[in-house]
Amino acid sequence: MAGTLYLVPTPIGNLGDLSQRVMDTLAEVDFIAAEDTRISVKILNHLGIKKPMVSYYRHNAENSGATILGRLMAGESCALVTDAGTPAISDPGELLVQSCAQADIPVVAIPGPCALVTALAVSGLPTGRFTFEGFLSVTKKQRMEHLHSLQTERRTMIFYEAPHKLLRTLTDLVACFGGERPVSICRELTKLHEEVWKTTLAEALHRYEQQPPKGEFVLIVAGMPESTDETTRSMEDALQQVQERVAQGERLTDACKAVAAETGYRKQDLYQQAIQERESE
């Protein structure tokens, strides 16, 4: 009889968020699969628990996943943990869950800390319908294609971002959604320096251009307002108009000003995106 895979959430910052059920599960399973055993062992030491551990992360998911699956099929039980938050959410654990589903191995998810839900709840933006977009691609073309596909999205959008990539992401969000789009910047949730800042994309970009971002971020971005005209041109179309005007001899600043008046996008957003596209060519 196959064992059970338990998806065990770990604190995203505050060890006080460890539930009794999490502690009981970690104490009862046969072994623990961890994203980084060095981080997870600190939690186990805090709880006074000693368990065999195996490493399971994105770059060894195929080989390690097969090993874990074999042990589960042999009857052992396993707790899957990440460095912080809920396994299988924006995490390679989803591959292991899929393999278990295909092999008819029981999977039990234990409720607990999750950065996206925590940030959404405190954001002050609509929570009835939302879309989780995770981390954007590091490749500019793929990143912009992703964001362009969301330009008419009316649901609240949730993004994860690391501090060293935040400026780039905010710049692209401004380019695609406009600087006036509301955003809730959630930083270091549940930790000592937790911060939730309700602002606009343009104001957020300006702030972090002046001071280097620190900590892990969750960005909660408002969807397109219901009152927005469905015929509003996309940023891509607006930039195409800018390029056409420049090709006809207009200065870039004048072209951006004219297109901004026609489309509703901010002149500075169009100018900044046009400069970025020039540099990437």
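Criteria and cut-off values
Residues numbered from 1 in each chain as written. Predicted model: local features only at pLDDT ≥ 70, side-chain atom pairs only at ≥ 80, totals over all residues. Heavy atoms only, no water. Core = buried A, V, L, I, M, F, W, Y, C linked by side-chain atoms within 4.5 Å. Buried < 20%, exposed > 50% of the residue type's maximum accessible area, 1.4 Å probe, protein only. Helix = DSSP H or I, 4+ residues; strand = E, 2+ residues; numbered from the N terminus. Pairing = 2+ DSSP bridges. Axes fitted to C-alpha atoms, helices over the stretch in contact; angles between N-to-C directions. Salt bridge = Lys/Arg side-chain N within 4 Å of Asp/Glu carboxyl O. Disulfide = S-S within 2.5 Å. 1 Å grid on protein atoms, 1.4 Å probe; cavity = no way out; pocket = protein on both sides within 12 Å on 5 of 7 lines; lining within 4 Å. Points joined across faces, edges and corners; volume = space filled by probe spheres on them. Nonpolar A, V, L, I, M, F, W, Y, C, P; charged D, E, K, R; others polar. pLDDT = per-residue confidence, 0-100. Contact = heavy atoms within 4.5 Å. Parallel < 35°, antiparallel > 145°, perpendicular 65-115°, else oblique. Left-handed = near helix turned anticlockwise from the far one by under 90°. Polar contact = N/O pair within 3.5 Å; in protein donor to acceptor, adjacent residues only side chain to side chain. Lys, Arg positive; Asp, Glu negative; His and termini not counted.

Focus: the nonpolar core
The nonpolar side chains of soluble globular proteins are, as a tendency, buried together. Core analysis: the largest hydrophobic core is formed by 21 residues, its most contacted members being F159, L170, L173, F177, I185, L219 and V221. Among the secondary structure elements, those contributing two or more residues to this core are helix 6 (140-148), strand 7 (156-161), helix 7 (166-177), strand 8 (182-187), helix 8 (201-210) and strand 10 (217-221). No other element matches the six residues that helix 7 contributes to this core. Core analysis: the second largest hydrophobic core is formed by 16 residues, Y56, I68, L72 and C78 among them.

Let's talk about the sheet that holds strand 6 (residues 130-135)
Ordered in space as 6-7-10-8-9, the five strands form an open sheet in which the pairing is mixed. Whereas interior strands pair on both sides, the edge strands pair on one side only; in this sheet they are strand 6 and strand 9 (195-200). Recorded for the sheet is a direction-independent mean angle of 20° between the axes of neighbouring strands. Strand direction decides the pairing type here: strand 8 and strand 10, joined by five bridges, are antiparallel.

Overview of the pattern of salt bridges
Under the defined criterion, the tally for this structure stands at 11 salt bridges. Ionic pairing is found between R187 and E195, a salt bridge with its closest N-O pair at 3.0 Å. The burial state of R187 is the same as that of E195; both residues are buried. R245 is the partner of E250 in a salt bridge, and the nearest nitrogen-oxygen pair spans 2.8 Å.

With respect to the state of the cysteines
Applying the stated criterion to the full structure yields zero disulfides. Cysteine C100 is unpaired, with the sulfur of C78 as its nearest cysteine sulfur at 8.4 Å. For C100, a relative accessible area of 0% gives the class buried.

A closer look at empty space enclosed by the protein
Over the atoms, a rolled probe matching the size of one water molecule traces out where space is still vacant. All chains considered together, the criterion is met by two cavities of 30 Å³ or more. As a volume, the largest cavity reaches approximately 50 Å³. What lines the largest cavity is simply T10, L26, S40, I43, L44 and V81. With three residues, helix 2 (residues 37-47) is the single largest residue contributor to the lining of the largest cavity. Of the residues belonging to the lining of the largest cavity, the class tally is four nonpolar, two polar and no charged. The calculated volume of the second largest cavity comes to roughly 30 Å³. If you trace the second largest cavity, you find it lined by E35, Y56, Y57, L80, V81, T82, D91, P92 and G93.

Some words on the confidence of the model for the chain
With 96% of its residues at a pLDDT of 70 or more, the chain has an overall mean of 92. Long-range and interchain partners of residues 228-232, a stretch whose pLDDT sits below 50, account for four contacts in this model, where long-range means more than four residues apart.

Concerning the packing of helix 10 (residues 252-263) against helix 11 (residues 267-280)
Between helix 10 and helix 11, whose axes approach to 8 Å, the crossing angle comes to 130°. Taken together, the axes of helix 10 and helix 11 are oblique relative to one another. Crossing angle aside, the handedness with which helix 10 passes helix 11 is right-handed. The residues of helix 11 that touch helix 10, namely those facing L252, T253, C256, K257, V259 and A260, are K267, L270, Y271, A274, I275 and R278. Classifying every residue of the contact of helix 10 with helix 11 by side-chain character gives eight nonpolar, one polar and three charged.

Digging into the side chain of T82
Locating T82 in the fold gives a position in the loop between strand 4 (78-81) and helix 4 (93-102). Side-chain polar atoms of T82 contact the backbone oxygen of A84, separated by 3.1 Å. Once residues within four sequence positions are removed from consideration, T82 is found in contact with T10, E35, S40, P87 and D91.

A short note on the side chain of E133
By secondary structure assignment, the location of E133 is in strand 6. Comment: no salt bridge for buried E133; closest opposite-charge side chain is R155, at 5.8 Å. A distance of 2.5 Å separates polar atoms of two side chains, one belonging to E133 and the other to T131. Among the polar contacts made by the side chain of E133, one reaches the side chain of H146 at a distance of 2.7 Å. Excluding anything up to four places from it in sequence, E133 contacts H146, L150, I158 and F159.

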